[in-house]
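# Descriptive analysis of the structure
One letter stands for each residue in the lines below.
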Amino acid sequence: MKTFTKLASCTAVAAGFAILPLAVSAQSTMAYPEKCKSEGMDMSKADMPSGGMPMGDMPMGDMPMGDMTDYQKASMDGMKGMHMNMMQGMMKKDADVSFVCGMIAHHMGAISMSEVELKYGDNEEAKQMAQKVIEAQKKEIEEMSKWVDKEVK
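Let us look at the structure shown here. (Residues numbered from 1 in each chain as written. Predicted model: local features only at pLDDT ≥ 70, side-chain atom pairs only at ≥ 80, totals over all residues. Heavy atoms only, no water.)

## What to know about the pattern of salt bridges
Tallied over the entire structure, the rule returns two salt bridges. Put simply, E34 and K37 hold a salt bridge, and the shortest N to O gap is 2.9 Å. Overall, the relative accessible area of 59% leaves E34 in the exposed class. Across the salt bridge formed by E151 and K150, the nearest N and O atoms sit 3.5 Å from each other. Taking relative accessible area as the criterion, E151 reaches 36% and is therefore assigned partly exposed. (Salt bridge = Lys/Arg side-chain N within 4 Å of Asp/Glu carboxyl O. Buried < 20%, exposed > 50% of the residue type's maximum accessible area, 1.4 Å probe, protein only.)

This is the structure:
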C-alpha cells in the first residue's frame, strides 16, 4: 500500500488550555519505508479474513460497518492500514528487519488511533495522553526508519 488515508488536521488542548495545532497526520508525513515492503506479496487480499469478506464490509459485533459512527470508521481505517503494513514488514526473511518494520507499522497505528482521539474525543486528559503518544511514537518511528535505511539492503 503506497499511501495511507489522510486524516484531517486536528487540535489538542494542552494542560495550560492553550490550543496547539497538531501538524498533519502522521500518515501523510511519515511514510512506511519502502525497504519494509515485501515484494510479491498480494496485498489485495490482505484485508480478507478466512471467510473471504473484506474487513471494510465485516460486521463488528452486532453493528455492520455501515452503522458505525464517524469515530469508529476513522479508527477502522487506521487499523486496516496498520495491519497491511505490519503483514508486509513481518514477511521479511531477516528477524531483525521483520521486527523493526512491524514496529514501525504498529507505531503508525498508535499515532492514527491518537489522531482519531484528538479529532473526536472530548475528555481533555485522554486527549493529552493521545498527544503524548503521537510525540513519542513519531520519535521512535524516525529512529527505526533511520535504522532501516542504514541496515536493510
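## Some thoughts on the packing of aromatic side chains
Inspection of the entire model under this criterion finds one aromatic pair. Judged by centre distance (6.2 Å) and plane angle (70 degrees), the ring pair of Y71 and Y120 falls under edge-to-face. In this pair, Y71 sits in helix α2 (residues 70–90) while Y120 sits in helix α3 (residues 95–120), placing the two residues 49 residues apart along the sequence. (Phe/Tyr/Trp six-rings, centres within 6.5 Å; stacked < 30°, edge-to-face > 60°. Helix = DSSP H or I, 4+ residues; strand = E, 2+ residues; numbered from the N terminus.)

So, to be careful, I would describe these as geometric facts and stop short of saying anything about function.
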